[in-house]
Amino acid sequence: VHVLSQSLQRGTLVFDVMPVYWLARGPAILGLDEHLERFEQSAELSGMRLPASNGALRAGIAEAVRANPGAEIVKISAYYPGASLDVLPVDPMPEVAIAAFAIADLSMAGRASAAGPARLQVAESRKMPASVLSPQIKIAAAYTHAAFAKARAKAAGFHDVLFLDEQGQITESSTQSFFLVCDGSLRCAPLDAVLAGVTRRLAVDLARDEGIPVSEAPMPLALLDRAQEAFLTGTTSNVWPV
């Protein structure tokens, strides 16, 4: 990757992250189809033409996992490696990189098992509106705002932030989906406001299978005062109580 890479300088790298579980019959990737579909959707939404088919990407992910026994996470990225001074890449052909690793390899602080229940700070700044950037695109530049807000929260003694949208409705944390248990039902923000997380979808499906009512609708901040429980879901934290 050139130091003047368009993706490095402009934040146009798209990515997805998926969990690996080591079973008796070998490694298994949770939600591989959904994660790859979302990765391809992120590329399409950003105008990037991936240089590999779905089958080739799948084979590359499997190869990376097999080459790294004990890997817990796979991260796939697509980016423009060539130098460019313009906001657009000079060479529009991206590269794809696949990394498979154990969480401990990156010392990922803030994991639920190490940190106990999450403490969240309501962010002063609002979540980027969908009219500016779709919440369904996982692109590096979209996480700059979240990184700054999370850094401020951690400096104040919290683990992460909780973003509100422009109307003051609860959305999600910096990288994870947010749920409330209120009056016997499970509540989360609608998909027009938040990323369609794979772990989020699993939590919703499991709740419905157990007969728990699920509401995917706007959540006013005042709802926090009435909630009996709250938790985050995500690839690296699974389910993290708040």
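For every chain, the first residue of the written sequence is number 1, and numbering continues from 1 onward in sequence order. A pLDDT threshold of at least 70 governs which residues receive local features in this predicted model, and a stricter bar of 80 or more applies before side-chain atom pairs are shown or counted, although totals over entire chains, interfaces and linings include all residues. As a rule here, side-chain values cover all heavy atoms of the structure and leave hydrogens and water aside.

K.L.:
How do you make sense of helix 6 (residues 198–209) when you look at a structure like this?
P.N.:
An α-helical segment advances 3.6 residues per turn. Residues three or four places apart therefore align on the same side. Helix and strand labels come from DSSP, where a helix needs a run of H or I of at least four residues and a strand needs a run of E of at least two; each type is numbered from the N terminus. Here, expected helix span is obtained from the residue count minus one, scaled by 1.5 Å. If you check helix 6, its first and last C-alpha atoms are 16 Å apart, about what twelve residues at 1.5 Å a residue would give, namely 16 Å. Where helix 6 is buried, its residues contact helix 2 (32–45), strand 8 (177–182), strand 9 (185–188), strand 10 (214–216), strand 12 (229–234) and strand 13 (238–241). One or two residues past the end of helix 6 sits G211, with phi positive at roughly 80 degrees. In what follows, residue pairs with any heavy atoms lying within 4.5 Å of each other are defined as contacts.

K.L.:
What should I look at first to understand the sheet that holds strand 3 (residues 73–79) in this one?
P.N.:
Each strand in a sheet pairs with another by means of backbone hydrogen bonds, the pair being arranged parallel or else antiparallel. The sheet built from four strands is open, its strands ordered 2-1-3-4 with antiparallel pairing. Unpaired on one side and paired on the other, strand 2 (26–29) and strand 4 (95–101) mark the two borders of the sheet. Between one strand axis and the next, the sheet turns through 25 degrees on average, direction left out of account. Here, strands pair whenever DSSP counts at least two bridges between them. Examined bridge by bridge, strand 1 (residues 14–23) and strand 2 share four bridges and lie antiparallel to one another. By the bridge assignment, L23 is partnered in strand 2 with G26. Between N-to-C directions, angles cover 0 to 180 degrees, with each direction set by a line fitted to C-alpha atoms, over the stretch in contact for helices.

K.L.:
Can you help me understand the pattern of salt bridges in this one?
P.N.:
Pairs can form between side chains of opposite charge once their charged atoms are near each other. For salt bridges, the criterion is a side-chain nitrogen of Lys or Arg within 4 Å of an Asp or Glu carboxyl oxygen. Scanning all chains against the criterion turns up eight salt bridges. The shortest N-O distance in the salt bridge between R58 and D33 comes to 2.2 Å. You can see R58 sitting in helix 3 (residues 54–66) and its partner D33 sitting in helix 2, a full 25 residues away along the chain. Partly exposed residues are those whose accessible area sits between 20% and 50% of the maximum for their type, while under 20% is buried and over 50% is exposed, using a 1.4 Å probe and protein chains only. A relative accessible area of 34% means that R58 is categorised as partly exposed.

K.L.:
Sorry, what's going on with a nonpolar patch on the surface here?
P.N.:
Residues qualify for a patch when their relative accessible area is over 30% and they have no salt bridge, like charges being joined within 9 Å and the nonpolar side chains of Val, Leu, Ile, Met, Phe, Trp and Tyr within 5 Å. Shrake-Rupley sampling with a 1.4 Å probe provides the accessible areas, and residues are treated as covered by the protein chains on show and by no other component. Together, V1, V3, L4, L8 and L85 line one region of the surface with nonpolar side chains, adding up to about 550 Å² of accessible area. Relative to the helices and strands, V1 resides in the segment before helix 1 (6–10). Note on V1: relative accessible area 72%, which makes it exposed.

K.L.:
Looking at this model, I keep getting lost on unusual backbone geometry. Mind explaining?
P.N.:
Most of the time, phi is negative for any residue but glycine, and the peptide bond is trans. Of note in the backbone geometry, D183 takes a positive phi value of approximately 55 degrees without being a glycine. Turning to its location among the elements, D183 is positioned in the loop between strand 8 and strand 9. Residues other than glycine seldom take positive phi values, yet N238 does so here, at roughly 60 degrees. Its place among the elements puts N238 in strand 13. Classification of N238 as partly exposed rests on a relative accessible area of 34%.

K.L.:
Quick question: what am I supposed to make of the sheet that holds strand 10 here?
P.N.:
Across the sheet, five strands lie side by side as 10-9-8-12-13; this open sheet has mixed pairing. The open sheet terminates on both sides in strands that have one partner only, identified here as strand 10 and strand 13. Within the sheet, the average angular offset between the axes of one strand and its neighbour, ignoring direction, is 25 degrees. Set on the sheet, helix 6 makes contact with strand 8, strand 9, strand 10, strand 12 and strand 13; between it and strand 10 the angle comes to about 145 degrees.

K.L.:
Looking at this structure, how should I read the pairing of strand 9?
P.N.:
It is a general feature of regular strands that their side chains alternate between the two faces of the sheet. Burial along strand 9 is two-sided: S185 and R187 facing one way and L186 and C188 facing the other are all buried. Across four bridges, strand 8 lies against strand 9 in antiparallel orientation. In the sheet register, F179 faces strand 9, and the bridge partner there is C188. Examined bridge by bridge, strand 9 and strand 10 share three bridges and lie parallel to one another. Residue R187 lies in a different strand from strand 10, and its bridge partner there is S215.

K.L.:
What is the right way to read the environment of G168 from this model?
P.N.:
Take G168: it is sitting in the loop between strand 6 (160–162) and strand 7 (169–170). Among the residues examined, G168 registers a relative accessible area of 15% and is labelled buried. Taking the C-alpha atoms as reference points, G168 and P218, separated by 50 residues in sequence, lie 9.5 Å from one another. In this structure G168 touches R126, P220 and L221, once residues within four positions along its chain are discounted.

K.L.:
Mind showing me how you'd approach the packing of aromatic side chains here?
P.N.:
Whether two aromatic rings pair depends on their centres lying within 6.5 Å, for rings of Phe, Tyr and Trp, where Trp uses its six-membered ring; planes under 30 degrees apart make the pair stacked, over 60 edge-to-face, and the rest tilted. For the structure on display, the rule yields two aromatic pairs. Consider the rings of F179 and F231, whose centres lie 4.9 Å apart with planes at 10 degrees: the pair is stacked. Note that F179 is positioned in strand 8 and F231 in strand 12, a separation of 52 residues in sequence. Per residue, the accessibility class of F179 equals that of F231, and both read buried. Lysine NZ or arginine CZ positioned within 6 Å of the ring centre and within 35 degrees of the ring normal marks a charge as sitting over the ring. Its end group placed over the ring of F15, K75 keeps NZ or CZ at 4.6 Å from the ring centre.

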